[in-house]
Structures are given as C-alpha cells and as structure tokens.
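Residue-level structure breakdown
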Amino acid sequence: MLDKIKKGLMLAGYGLGFKSQLIFAVVFMLGGFALEFFEKAGNILGGFYIVLAAMFVLQLVISLNLSTMVQTSPYKRKLETVIPVLTSTPLLLFNYTVMVLIRLHYLYLDPEVSANADRQMQVRSGLVAISFLLFVTALYMGVCYKFFWSSFVFLFAVVFPIAFISRADWFAHFVIKLPIGGIVAGGYLMIIIGQAAAYLASAVFYKRELSRCAFSAALKRNYR
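To start, this report covers the structure provided alongside it. (Residues numbered from 1 in each chain as written. Predicted model: local features only at pLDDT ≥ 70, side-chain atom pairs only at ≥ 80, totals over all residues. Heavy atoms only, no water.)

**Regarding the overall build of the protein**
Scanning the protein for helices and strands turns up 13 helices and zero strands. Going from the N terminus to the C terminus, the protein shows its helices and strands as α-α-α-α-α-α-α-α-α-α-α-α-α. Relative to the globule expectation of 17 Å for 224 residues, the C-alpha radius of gyration of the protein, 18 Å, shows essentially globular dimensions. Projected onto the principal axes, the alpha-carbon positions of the protein cover approximately 60 × 35 × 30 Å. Looking at the 224 residues of the protein, the share that counts as buried comes to 49%. Sequence separation of at least 24 residues holds for 79% of the intrachain contacts in the protein that already meet a minimum separation of 6. When the accessible surface of the protein is summed, it comes to about 11800 Å², and 72% of that surface belongs to carbon and sulfur atoms. Mean positive and mean negative side-chain charge positions of the protein (20 and 9 charges, respectively) differ by 15 Å. (Helix = DSSP H or I, 4+ residues; strand = E, 2+ residues; numbered from the N terminus. Rg over C-alpha atoms; globule rule 2.2 N^0.38 Å. Buried < 20%, exposed > 50% of the residue type's maximum accessible area, 1.4 Å probe, protein only. Contact = heavy atoms within 4.5 Å. Areas by Shrake-Rupley, 256 points an atom, 1.4 Å probe, with all protein chains shown as cover. Lys, Arg positive; Asp, Glu negative; His and termini not counted. Charge placed at Lys NZ, Arg CZ, Asp CG, Glu CD.)

Printed below as a string of structure tokens:
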C-alpha cells in the first residue's frame, strides 16, 4: 500500500496541468486559512477548503489516463481506481487534522469563542457539516470523471442543504450535546468511508470512458 501511495505522489507530478493544479491547491489552502482566521472558525467554507485542497492530487493522477501510453498500460485500471484514492487519502487525513487543530484552538483557547455558547455551537456544527461535505465530495470525485455534469448537479444538490442545515438552531443544539472527540473521530471516519465509496464507484464504472469535460480547462491550458 505504501508503495502505491509513493508511486501515486510521484506520478502526480506528470499529471495534466500540474503547475496550475498546484497553484489551485495552494490558493484553496490559503483561502481556507484566511476564512478560518477572520471568521474564527465560524464559516464551514474555511475548514472545507483546507481539506479539499488535498483532492487536487487525485485529479492529477486520474488525468494520466488521458495518455495513450497509459491506455495500453497494465497499470491503467489501478491508475483510475485504487492509486488516486490511496494517494489522496493520507493528504485528506493530514489536512483534516490541521483544520481540526485550528478549530480546537478557537474552541478552547480563544476567549471570544470558548466563553460564548453560540460561537461554540457554531464551530462544532461546522465540524460536523464539514465531515458530511467531505464524504459527499469524495463520492463525487469517484464518479465525476465519468459522469461530469450529472455528478456536478448531484454535488450542489447535496452541498447546499448540508450548508443550510449546519446553520439551523435545532442542528446546533443537537451537536452541542456530542463530545468533541466523537465529532472529530466521526470526521476521520467519514473521510475513510467516503474514499472507500469513491474507490468502489470508480471500480464499478471503470470501463466507461473518461469525460473530456472534466479536463477541458486543463486540456486548453496545455494544448492551446
């Protein structure tokens, strides 16, 4: 497994639009940190962006399958299914840990948040919502390179209700009763389950051709 992760990280450097994808990942990370700082972990987008930045490596690995050489390679199936998931999972877990540490800092060490019950509920609710968003995003990433537009519609159809519910009073009052350790552990579990679901989805639809729409922007940048 470790060899596949190393191989995936190495191959990501040869992915379509590596430099631009790396820039996007850095922008997402910095944007996430900025939102977490200015909103004091009060906005789910900040934490979500921090963790989501790790998903760019998955796209880089999958983009290798556009190559004719890879299409005739015995590694084609692995490069479309198991290697992207194995490569992105450790990065997702690491970024999630960073995001959790930031939020724990505000929950327990920042007086403005730790002494305010409403802000406590807001930060905790955000953690739960981000966990669900990560699961949905992982599932989306497992199929979006095959069914680009339909999976895009699915993503937004699920993300907006989750974001809306996370700000509801009844949800906040439910979450505040949960132990913070359980909330954090639930996030790790959602990432693992989501990545497993992404692998299963990519394996089920493996024989379907990759959607060029999913890589259209990168293709234009690299071949114009």
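**Thoughts on the packing of helix α2 (residues 18-39) against helix α3 (residues 44-52)**
The contact between α2 and α3 brings their axes to 7 Å, and the two run at 155°. Between α2 and α3, the angle is such that the two are roughly antiparallel. In the packing of α2 onto α3, the handedness of the crossing is left-handed. For the pair formed by α2 and α3, the contact residues are Phe28, Met29, Gly32, Phe33, Leu35 and Glu36 on the first element and Leu45, Gly46, Gly47, Tyr49, Ile50 and Leu52 on the second. Per-class residue counts for the contact of α2 with α3 are eight nonpolar, three polar and one charged. (Axes fitted to C-alpha atoms, helices over the stretch in contact; angles between N-to-C directions. Parallel < 35°, antiparallel > 145°, perpendicular 65-115°, else oblique. Left-handed = near helix turned anticlockwise from the far one by under 90°. Nonpolar A, V, L, I, M, F, W, Y, C, P; charged D, E, K, R; others polar.)

**Observations concerning a nonpolar patch on the surface**
Taken together, the side chains of Phe18, Leu22, Val26, Leu30 and Phe33 present a nonpolar region at the surface, about 420 Å² in accessible area. Structurally, phenylalanine 33 is set in helix α2. For phenylalanine 33, a relative accessible area of 30% puts it in the partly exposed group. (Patch = residues over 30% accessible without salt bridge, like charges linked within 9 Å, V, L, I, M, F, W, Y side chains within 5 Å. Salt bridge = Lys/Arg side-chain N within 4 Å of Asp/Glu carboxyl O.)

**Examining the environment of asparagine 116**
Following the sequence through the fold, asparagine 116 ends up in the loop between α8 (111-114) and α9 (117-143). The exposure class assigned to asparagine 116 is partly exposed, which follows from its relative accessible area of 31%. Counting along the chain gives 39 residues from asparagine 116 to leucine 155, while the straight-line C-alpha distance between them is 33 Å. At 3.1 Å, the side chain of asparagine 116 and the backbone nitrogen of arginine 119 are in polar contact. (Polar contact = N/O pair within 3.5 Å; in protein donor to acceptor, adjacent residues only side chain to side chain.)

**Section: the side chain of serine 125**
Relative to the helices and strands, serine 125 resides in helix α9. With relative accessibility at 2%, the residue serine 125 sits in the buried group. Contact partners of serine 125, with chain neighbours within four places excluded, come to Ser166, Phe171, Ala172 and Val175.

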